[in-house]
Amino acid sequence: MDRILRLPTAQLYPHLRCELCEGFLIDAVALPECHHEFCKACIVNYCYLQGPKGPFYCPIEACKAEIHKTRPLSMLKNDTDMQTLIYKLFPSVYKDEMANRRRFYEEHPQALTSFT
Ligand SMILES: [Zn+2]
Ligand SMILES: [Zn+2]
């Protein structure tokens, strides 16, 4: 019925997922150097867990491109095209993810606010 569901999602999936949470990208952001994409909340949290001092690097082992020496979050670029694509391809997954994540950050509000 919905033509868009016939896309080869198995092929697309690696490009739509976040290496940190292993789910679909939510609030996708691209890193400035390597253009790897992560959920905004995931990369924010990843930087937060590394401590207050940089430099900060891409979380992907094979990459490790520098994000920024001290202020990684200033370098993140929202990828709204990617997010729109995911939302269109997987509306229900997206909704579930959003609900899960909202719950998580309601319980751990410091994870989001520390860096902003
Ligand atoms: Zn993620
Ligand atoms: Zn990278």
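Attention shifts here to the coordination of the zinc ion (ligand 1). Coordination of the zinc ion (ligand 1) by the protein is provided by C18 (SG), C21 (SG), C39 (SG) and C42 (SG), with metal-donor distances spanning 2.3 Å. Every donor counted, the four donor atoms about the zinc ion (ligand 1) form angles of 107 to 113° at the centre, which fits tetrahedral coordination.

Coordination of the zinc ion (ligand 2) by the protein is provided by C34 (SG), H36 (ND1), C58 (SG) and C63 (SG), with metal-donor distances spanning 1.9 to 2.3 Å. Coordination at the zinc ion (ligand 2) is tetrahedral, judged from the four donor atoms that bind it and the angles of 102 to 117° they form at the metal. According to the relative accessible area criterion, H36 is partly exposed, its value standing at 27%.

Moving on, we come to unusual backbone geometry. Residue P55 is reached from G54 by a cis peptide bond, and omega for that bond is -5°. Residue D27 is not a glycine yet carries a positive backbone phi of 55°. Within the secondary structure, D27 sits in the loop between α1 (9-16) and β1 (28-30). Phi at H35 is positive, roughly 65°, even though this residue is not glycine. Take H35: it is sitting in the loop between β1 and β2 (37-39).

Moving on, we get to the environment of C63. Examined against the element boundaries, C63 turns out to sit in the loop between β3 (56-57) and β4 (66-68). Each C-alpha atom, one on C63 and one on H36, is 9.0 Å from the other, the two residues being 27 residues apart in sequence. The residues touching C63, leaving out its near neighbours within four places in the chain, are C34, H36 and C58.

Thresholds, definitions, all that
- Residues numbered from 1 in each chain as written.
- Chains lettered and ligands numbered in written order.
- Predicted model: local features only at pLDDT ≥ 70, side-chain atom pairs only at ≥ 80, totals over all residues.
- Heavy atoms only, no water.
- Donors = N, O, S within 2.8 Å, 3.2 Å for Na, K, Ca; no water.
- Tetrahedral: all angles 85-135°; square planar, octahedral: opposite > 155°, others 65-115°.
- Buried < 20%, exposed > 50% of the residue type's maximum accessible area, 1.4 Å probe, protein only.
- Helix = DSSP H or I, 4+ residues; strand = E, 2+ residues; numbered from the N terminus.
- Contact = heavy atoms within 4.5 Å.

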